[in-house]
Number of protein chains: 2
Amino acid sequence: MIAIDAMGGDFAPQAVVEGVLSCMKNNIQSGIKVCMFGPEKIVSDLLSKLDPDWQKYNIVIQDTSELIGMNDEPVQAFKVKKNSSLVRAVKAVAVGDCKAVVSAGNSGAMAVASLFLIGRNKGVDRPALVGLFPVEKGYVVCLDLGANADCKANNLYQFAQLGSKYARDMLKIDNPIVGLLSNGHEVSKGSALTKEAFEVLNDAKINFFGNVEPHHVFSGKVDVAISDGFVGNIFLKTFEATAGACYSILQGRDDIKKELKKRLSLSKQGGALLIGVKKPVLIVHGNASAKIIENSILFVTKIISEVDVENYKVVPC
Amino acid sequence: MIAIDAMGGDFAPQAVVEGVLSCMKNNIQSGIKVCMFGPEKIVSDLLSKLDPDWQKYNIVIQDTSELIGMNDEPVQAFKVKKNSSLVRAVKAVAVGDCKAVVSAGNSGAMAVASLFLIGRNKGVDRPALVGLFPVEKGYVVCLDLGANADCKANNLYQFAQLGSKYARDMLKIDNPIVGLLSNGHEVSKGSALTKEAFEVLNDAKINFFGNVEPHHVFSGKVDVAISDGFVGNIFLKTFEATAGACYSILQGRDDIKKELKKRLSLSKQGGALLIGVKKPVLIVHGNASAKIIENSILFVTKIISEVDVENYKVVPC
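Every value quoted in this text rests on a predicted model; they were computed, and no experiment measured them. (Residues numbered from 1 in each chain as written. Chains lettered and ligands numbered in written order. Predicted model: local features only at pLDDT ≥ 70, side-chain atom pairs only at ≥ 80, totals over all residues. Heavy atoms only, no water.)

**Considering the overall build of chain A**
Within chain A, the secondary structure is distributed over 11 helices and 11 strands. Compactness check: chain A gives a C-alpha radius of gyration of 20 Å against a globular reference of 20 Å for 317 residues, within 12% of the reference. Principal-axis analysis of the C-alpha atoms gives chain A an extent of 60 × 50 × 35 Å. Taking as baseline every contact in chain A between residues at least 6 positions apart, the subset at least 24 positions apart corresponds to 72%. Here chain A has roughly 13300 Å² of accessible surface; of this, 49% comes from carbon and sulfur atoms. Taking the 36 positively charged and 33 negatively charged side chains of chain A as two groups, their mean positions are separated by 3 Å. (Helix = DSSP H or I, 4+ residues; strand = E, 2+ residues; numbered from the N terminus. Rg over C-alpha atoms; globule rule 2.2 N^0.38 Å. Contact = heavy atoms within 4.5 Å. Areas by Shrake-Rupley, 256 points an atom, 1.4 Å probe, with all protein chains shown as cover. Lys, Arg positive; Asp, Glu negative; His and termini not counted. Charge placed at Lys NZ, Arg CZ, Asp CG, Glu CD.)

**Overview of the relation of the copies chain A and chain B**
One copy of the chain maps onto the other through a rotation about an axis plus a displacement along that axis. For the pair chain A and chain B, the relating rotation is 180°, the translation along its axis is 0.0 Å, and the fit reaches an RMSD of 0.0 Å. The superposition of one copy onto the other is thereby described by a two-fold rotation axis. Here 100% of the contact residues of chain A are again contact residues in chain B; the copies associate through an equivalent surface. (Least-squares fit on C-alpha atoms with pLDDT ≥ 70 in both.)

**Some remarks on the pairing of strand E5 (residues 128–134) of chain B**
Residue and element names in this part refer to chain B. The buried fraction of E5 is high, at seven of seven residues. Side chains Ala128, Val130, Leu132 and Pro134 of E5 all project onto a buried face; the interleaved residues Leu129, Gly131 and Phe133 project onto the opposite face, where all are buried too. The sheet contact formed by E5 and strand E10 (residues 271–275) spans three bridges and is antiparallel. Looking at E10, one finds that Ala128 is bridged to Ile275. The pairing of E5 with strand E6 (residues 139–143) spans five bridges and is classified as antiparallel. (Buried < 20%, exposed > 50% of the residue type's maximum accessible area, 1.4 Å probe, protein only. Pairing = 2+ DSSP bridges.)

**Considerations on the sheet that holds strand E3 (residues 59–63) of chain B**
All names here are of chain B. Spatially, the 11 strands line up as an open sheet ordered E3-E2-E1-E4-E11-E10-E5-E6-E9-E7-E8, and their pairing is mixed. The open sheet has two edge strands, E3 and strand E8 (208–212), and neither has a second partner. Across this sheet, the average inter-strand angle for adjacent strands is 25°, counted without regard to direction. Sheet analysis places strand E1 (residues 2–5) next to strand E2 (residues 34–38), joined by four bridges and oriented parallel. Bridging from a neighbouring strand, Asp5 pairs with Phe37 of E2. Those strands touched by helix H4 (residues 85–94) are E1, E2, E3 and strand E4 (100–103), and its axis lies near 170° from that of E1. (Axes fitted to C-alpha atoms, helices over the stretch in contact; angles between N-to-C directions.)

**Structural notes on the environment of Cys246 of chain B**
Residues and elements named next belong to chain B. Along the polypeptide, Cys246 turns up in helix H9 (residues 229–249). Residue classification places Cys246 among the buried positions, given a relative accessible area of 0%. Distance from Cys246 to Lys257, taken between C-alpha atoms, is 8.2 Å for residues 11 residues apart in sequence.

**Considering helix H5 (residues 107–118) of chain A**
Residues and elements named next belong to chain A. Look at H5: 15 Å from first C-alpha to last across 12 residues, which is about the 16 Å you get at 1.5 Å a residue. Those residues of H5 lying buried are Ala109, Met110, Val112, Ala113, Ser114 and Ile118. In this structure, the buried side of H5 is in contact with helix H3 (74–80), helix H4 (85–94), strand E4 (100–103), strand E10 (271–275) and strand E11 (281–284). Put simply, Asn106 is the residue that caps the front of H5, since its side-chain oxygen is 3.1 Å from the backbone nitrogen of Gly108. Positive phi shows up at Gly119, right after H5, with a value of about 90°. (Expected span 1.5 Å × (residues − 1). Polar contact = N/O pair within 3.5 Å; in protein donor to acceptor, adjacent residues only side chain to side chain.)

**Description of the interface of chain A and chain B**
Each partner contributes to the interface: chain A provides 37 residues, whereas chain B provides 37 residues. Run the count over chain A and chain B and you get four salt bridges. The salt bridge partner of Lys237 of chain B is Glu213 of chain A, with a shortest N-O separation of 3.4 Å. There are eight residue pairs in polar contact (both at pLDDT 80 or more) connecting chain A and chain B. Contributing elements (two or more residues each) for the side of chain A that touches chain B: helix H7 (192–203), helix H8 (214–218), helix H9 (229–249) and helix H10 (254–264) of chain A. When residues of the side of chain A that touches chain B are assigned to their parent elements, the largest contribution, 14 residues, is made by H9 of chain A. Here the side of chain A that touches chain B is composed, by residue class, of 19 nonpolar, 11 polar and seven charged. (Salt bridge = Lys/Arg side-chain N within 4 Å of Asp/Glu carboxyl O. Nonpolar A, V, L, I, M, F, W, Y, C, P; charged D, E, K, R; others polar.)

**A closer look at the packing of helix H1 (residues 14–26) of chain B against helix H11 (residues 290–306) of chain B**
Residues and elements named next belong to chain B. Where H1 meets H11, the axes come as close as 7 Å, and the angle between the chain directions of the two elements is 55°. Classed by the angle they form, the pair H1 and H11 counts as oblique. The crossing of H1 and H11 is right-handed. Of the residues in H11, those in contact with Ala15, Val16, Glu18, Gly19, Val20, Ser22, Cys23 and Asn26 of H1 are Ala290, Ile293, Glu294, Ile297 and Leu298. (Parallel < 35°, antiparallel > 145°, perpendicular 65-115°, else oblique. Left-handed = near helix turned anticlockwise from the far one by under 90°.)

**Re unusual backbone geometry**
Cis geometry marks the peptide bond from Leu143 of chain A to Asp144 of chain A, where omega comes out at 0°. Looking at the secondary structure, you find Asp144 of chain A in the loop between strand E6 (139–143) and helix H6 (153–171). At the junction of Ala12 of chain B and Pro13 of chain B, the peptide bond is cis and its omega measures out at 0° in the coordinates. With phi around 50°, Asn175 of chain A is a residue other than glycine that occupies positive phi space. Positive phi outside glycine occurs at Lys172 of chain B, with the angle close to 55°. Residue position: Lys172 of chain B is located in the loop between helix H6 (153–171) and strand E7 (178–181).

Here's what the structure looks like:
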């Protein structure tokens, strides 16, 4: 059973309900079950409107009465709104009713709720957002994509360990090669933070490549690329914005645009995994469409079957 | 007269000499004059080999005996190798023999030499690398693209002032809108550094838009985007690497690839201007081709005529 925050995201609950229903219809044989958290009447009315026979699918609804907004302060929202769709969905995973949770709602509140209710893996100080970037051949694991704007060297070292485990499980790579995203590949390059992290990684039991620049990531020189959450977020968003600029330029040439999108899109993952907490938590972009919600359910299903996040412990430096 | 470091770059002196010669041939009426710094015999032999009549162009050679390597430690190299092509080229600008300098050599050494010999504008603590990014309509001024990996809020405030002046002069924009590159457009987003800079910029005499994400930059929501040099460098290189990934995917479809390149390429600028020093210093990527060298000479010529860097003073916060 996958917990879904029905009220999370800019287009919720419409996009979420549509996405869930579409996922169930398109994957009847998969055995996927979802539990939607939201005001029962609103969610069931929407489901009925979209498909009067929705009850034949493996969808259950858990009634919630509160809502966490996109601009609510995360810690405060978590503490006060215990009966919100977001907190209840996370809690369902924490207590074992569901195996994973998906939300396009307030990402800060999702991180806080996951931290407090599900808890961190042993040795992890700061969970990170991890994603798979399409490269020339296959994918590269990149983290932190935005959970921690300010990091210490030890956080990056933990990200390297978590990313390596994820590459092993999701990409089936033995002894993954880790690169430190930097402003130059030379040893002398870096910020005060990355220079310190370089030393730590160099001395550690990590298959450490050294500094990498963005083009090294895209050429697949490493299997895992790590950075703090501010830099990783700029990396992610610059990638998406540049691809977007290409699509605009190619307007009208739909075949080529489609091919580029197919090769560069991150949308098949639906969202980013919050790695370093003991259960799969998929944090989806607030502007998620129904299609993205559908993809996120499929992606988290893959994570449940292939990634043993419960045992992702890390060692200190 | 433009000073050129003939020995700077991975493909120097060949690429530099070719680029200079091509520039002179293609712009006979422009009145461009260049002074090449390098071992006289090597440079003149190369010129003669490429064009026995090279002396009919406005090219002079200044003999130098030392070489700063790409991996030399910048401050040390500057102090010890006073007769290197790089230091001599910068010095020629400092003493007024040349109006601007172009080098694809050791960028750290270029920054150090420019700082010590040419000097900073009044009020500037740290000069930055500035570039123009192609957006939907026109260009956006982005800095720092890599000169300062670690910054303080006051540095970003100075970059905002320098970038505004540059947008005014190069893009002819009155009262340019400045955005702070961040991991979200909301006021609450940012790193410790950008949050502090946000406060400073908000209180200052700057036409401050607030936080911007990469897609806001590409959609032209602001005229100037500022960041520290580490983040700016990741932004620049992710942009270029993503565009590169698109070109690879479009391999074989040369017409479309060419169109994308034309719209997205930064190569017309040849390099990035070191803004905050009193004379135009263009720092070119080490892997510069002859074409890039040619473009950099044309670009710096435009800077000389349109940008009064000598008077780019800034105020403290």
